[in-house]
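Here is how the chains run, residue by residue.
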Amino acid sequence: ATVLTCAADATLFASLLFGALFLWLVAPGWPPPSPAAPGIAFAASCGLALLASTFFGRRAMAALRGGASPAAWLAACAGAQAAAALLFGLMAAGVPEPTAHAHHATVFVILIYGGIRAGIGALFACYGLWRGHAGYLSARRSLDLRIGRLWHDYAAISGFVVLAATALTAFLAGSVEAGR
């Protein structure tokens, strides 16, 4: 079911990216006066947090299979996902006037999309912590962590696509403006 959820969500995301491309092609007043792009430091930090979350999620599974407690790894995973969600939110907050131009609106929505996926990943990690604390996790009962790991991977992949898409749309907007 989680795989199908990720596939459906990826379809939604592809539609969002297509909408951004479509607006780039037909929006009036293109290019915008000031292209919206996340800062390199924010984007790099967000990318590192996403990578860390996948690593920590995998280490939690390995610890559980090895008979150790995955709690520390899950807490680190939850923290990394929460940091990524916060960074996506900060980047979205930095978009100048999201209602002023189609480019700004699509960059804003794409960044919010990435932040929500990372926030869901933090919830999955916290759920794994709760399940472990309640005694429902073992080497033979690892489904909760496997589902979480799948989501962490999906959140990281979609997060990197979000970062690439926002950088690309800003680059395209800037290159059109430079060509005039």
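Not measured: the values here are computed from a predicted model.

How each quantity is defined
- Residues numbered from 1 in each chain as written.
- Predicted model: local features only at pLDDT ≥ 70, side-chain atom pairs only at ≥ 80, totals over all residues.
- Heavy atoms only, no water.
- pLDDT = per-residue confidence, 0-100.
- Helix = DSSP H or I, 4+ residues; strand = E, 2+ residues; numbered from the N terminus.
- Patch = residues over 30% accessible without salt bridge, like charges linked within 9 Å, V, L, I, M, F, W, Y side chains within 5 Å.
- Areas by Shrake-Rupley, 256 points an atom, 1.4 Å probe, with all protein chains shown as cover.
- Salt bridge = Lys/Arg side-chain N within 4 Å of Asp/Glu carboxyl O.
- Buried < 20%, exposed > 50% of the residue type's maximum accessible area, 1.4 Å probe, protein only.
- Contact = heavy atoms within 4.5 Å.
- 1 Å grid on protein atoms, 1.4 Å probe; cavity = no way out; pocket = protein on both sides within 12 Å on 5 of 7 lines; lining within 4 Å.
- Points joined across faces, edges and corners; volume = space filled by probe spheres on them.
- Nonpolar A, V, L, I, M, F, W, Y, C, P; charged D, E, K, R; others polar.

> Hey, could you go over the confidence of the model for the protein for me, with residue numbers and the actual values?
For the protein, the mean per-residue pLDDT works out to 90, and 96% of the residues sit at or above 70. Across the protein, the secondary-structure element scoring lowest on mean pLDDT is helix 5 (residues 143–179), at 85, and the one scoring highest is helix 3 (residues 71–93), at 97.

> Give a detailed account of a nonpolar patch on the surface, specifying residues and quantitative values.
Nonpolar side chains collect at one region of the surface, where F18, L21, F22, L23, L25 and V26 lie side by side and expose about 580 Å² of accessible area between them. With respect to the secondary-structure elements, L23 resides in helix 1 (residues 2–26).

> Give me the pattern of salt bridges: which residues, what numbers.
A side chain with one charge may pair with a side chain of the opposite charge, provided their charged atoms come close. In this structure the tally under the stated criterion is three salt bridges. Between D9 and R117 there is a salt bridge; the shortest N-O distance is 2.8 Å. Of this pair, D9 sits in helix 1 while R117 sits in helix 4 (residues 102–133), placing them 108 residues apart in sequence. Exposure remark for D9: the relative accessible area of 11% places this residue in the buried category. Where R58 meets D153, a salt bridge forms, and the shortest distance between an N and an O atom there is 2.6 Å.

> Please set out the side chain of D153 residue by residue, giving values where relevant.
In this fold, D153 is placed in helix 5. The contact partners of D153, leaving out residues within four places of it in the chain, are T54 and R58.

> Could you give an account of empty space enclosed by the protein, with specific residues and numbers?
Counting across every chain of the model gives one cavity of 30 Å³ or more. A volume near 30 Å³ is recorded for the largest cavity. Lining the largest cavity are G57, L74, F124, A125, D144, L145, G148, R149 and H152. Elements with a minimum of two residues in the lining of the largest cavity: helix 4 and helix 5. Looking at the lining of the largest cavity, the element that brings in the most residues is helix 5, giving five residues. Grouping the amino acids of the lining of the largest cavity by side-chain chemistry returns four nonpolar, three polar and two charged.

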